[in-house]
Amino acid sequence: MRIALVVDIIRQEEKLIVKALNDHGIDYDVINVAQEPIPFNKALGRYDVGIIRAISMYRSLYSAAVLEGAGVHTINSSDVITVAGDKILTYSKLFRAGIPIPDSVIAMSPDSALKAYEQVGFPLIDKPPIGSWGRLVSLVRDIFEGKTITEHREMIGNSALKIHIIQEYIKEKNRDIRCIVLSKDELLGCYARNIPPNEWRANVALGGNPSSLQIDEKLKEIVLKASNVINGEFVSVDILEHPSKGYVINEFNDTPEFKGFMLATGINVPEKLISYIERGFS
Ligand SMILES: Nc1ncnc2c1ncn2[C@@H]1O[C@H](COP(=O)(O)OP(=O)(O)OP(=O)(O)O)[C@@H](O)[C@H]1O
Ligand SMILES: [Mg+2]
Ligand SMILES: [Mg+2]
């Protein structure tokens, strides 16, 4: 077995994956796509599996696509990255499958965003379809803040960031829930991320404080159902707790960070991932 580990910036997570590969005595190459070009070349087929870990969504997406061209099994696949990396595409699949998501309106210009603000009502959340670590996820409390957000977004030179997901602000608990799923039907675990002072977001990157969580049947059911819908092979899922709807799926991530998860659950994620690959994806 030979593995390609695709990275751009090497985080603690990638170091832990390398350690698990070494512990299992598996042959691997680290391909840093921030430095090395990758050819459409059948020789890439020497890899059985590509573990896709670039921080940049587009680097991940296109690396997966090039490896798949040579017949490599990628985790995650370019199809999964396309959907999970884009919150609107994710919501489309989940909504169609009847899986609860935050009530959301999509606006594609500043004028339509201002209309959507009125429809949804303040306070609300406005975020772009693409992004991570909570960046640009905005709490909009009134029309003045809304006008500021729409003007700023319009100045960003990236088409996807000019699109607005305008959604209800779900503030039932001062936390969100993060789960990791492997192979679509194994829920590795979940933990709570508690929102720090002077924040509305729970991201660990923003100071969110990980704590352990009892997983109930409803949580397990919605997470696995949603993961099946988006076909995620190794994904993380963010869940919000809604006062009347119960659990709602906020988003998926196709390149899960798992430092906080390991701290809160004690579950060795890279070990599970490499064992799953070694078993032949079962
Ligand atoms: N509709 C909402 N209601 C309440 N809080 C929200 C809502 N949407 C986002 N948040 C908060 O903001 C955080 C970041 O939002 P989200 O997960 O959508 O963005 P992200 O940048 O993709 O995050 P990640 O780093 O997990 O990829 C969430 O973890 C949650 O705490
Ligand atoms: Mg995300
Ligand atoms: Mg998130």
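Below: a short report on this structure. (Residues numbered from 1 in each chain as written. Chains lettered and ligands numbered in written order. Predicted model: local features only at pLDDT ≥ 70, side-chain atom pairs only at ≥ 80, totals over all residues. Heavy atoms only, no water.)

Attention now goes to the site of ligand 1. Close to ligand 1 lie 24 residues, the nearest being Lys87, Lys127, Trp133, Gly134 and Asp176. At a separation of 2.7 Å, an oxygen atom of ligand 1 approaches a polar backbone atom of Gly134. At the level of elements, β6 (124–127), β8 (164–168), β9 (175–182), β12 (234–242) and β13 (246–253) are the ones that each hand at least two residues to the shell around ligand 1. Classifying every residue of the shell around ligand 1 by side-chain character gives seven nonpolar, seven polar and ten charged. When residues of the shell around ligand 1 are assigned to domains, at least three fall in each of domain 2 (89–100 + 171–278) and domain 3 (104–168). (Near = heavy atom within 4 Å. Polar contact = N/O pair within 3.5 Å; in protein donor to acceptor, adjacent residues only side chain to side chain. Helix = DSSP H or I, 4+ residues; strand = E, 2+ residues; numbered from the N terminus. Nonpolar A, V, L, I, M, F, W, Y, C, P; charged D, E, K, R; others polar. Domains from an automatic or database assignment.)

The final tally for this structure, using the stated rule, is four aromatic pairs. Between the aromatic rings of Tyr191 and Phe261, the centroid separation amounts to 6.0 Å while the plane-to-plane angle is 75 degrees, which identifies the pairing as edge-to-face. Of this pair, Tyr191 sits in strand β10 (residues 186–194) while Phe261 sits in helix α8 (residues 259–265); the two residues are 70 residues apart in sequence, bridging distant segments of the chain. Like Tyr191, the residue Phe261 is buried in the burial classification. If you follow Arg201 out to its NZ or CZ, it ends over the ring of Trp200, 4.3 Å from the centre. (Phe/Tyr/Trp six-rings, centres within 6.5 Å; stacked < 30°, edge-to-face > 60°. Buried < 20%, exposed > 50% of the residue type's maximum accessible area, 1.4 Å probe, protein only. Lys NZ or Arg CZ within 6 Å of the ring centre and 35° of its normal.)

The end-to-end C-alpha separation of helix α7 (residues 217–230) is 20 Å, in line with the 20 Å expected for 14 residues at 1.5 Å each. Every buried residue of α7 is accounted for by Leu219, Ile222, Val223, Leu224, Ala226, Ser227 and Ile230. Turning to α7, the residues buried within the fold contact α3 (78–84), α4 (87–96), β9, β10, β12 and β13. Where α7 begins, the capping side chain belongs to Asp216, and its oxygen is found 3.2 Å from the backbone nitrogen of Lys218. (Expected span 1.5 Å × (residues − 1). Contact = heavy atoms within 4.5 Å.)

So, about the pattern of salt bridges. This model, assessed by the stated rule, comprises 18 salt bridges. Residues Glu14 and Arg53 are paired through a salt bridge, measuring 2.8 Å at the closest nitrogen-oxygen approach. Of this pair, Glu14 sits in helix α1 (residues 12–23) while Arg53 sits in the loop between β3 (49–52) and α2 (57–69), and the two are 39 residues apart along the sequence. We note that Glu14, like Arg53, is buried. A salt bridge links Arg175 to Glu241, with the nearest nitrogen and oxygen atoms 2.7 Å apart. Taken together, the residues Arg175 in strand β9 and Glu241 in strand β12 connect sequence positions 66 residues apart. Arg175 sits in the partly exposed class, given a relative accessible area of 22%. On the basis of relative accessibility, which here comes to 8%, the residue Glu241 falls in the buried class. (Salt bridge = Lys/Arg side-chain N within 4 Å of Asp/Glu carboxyl O.)

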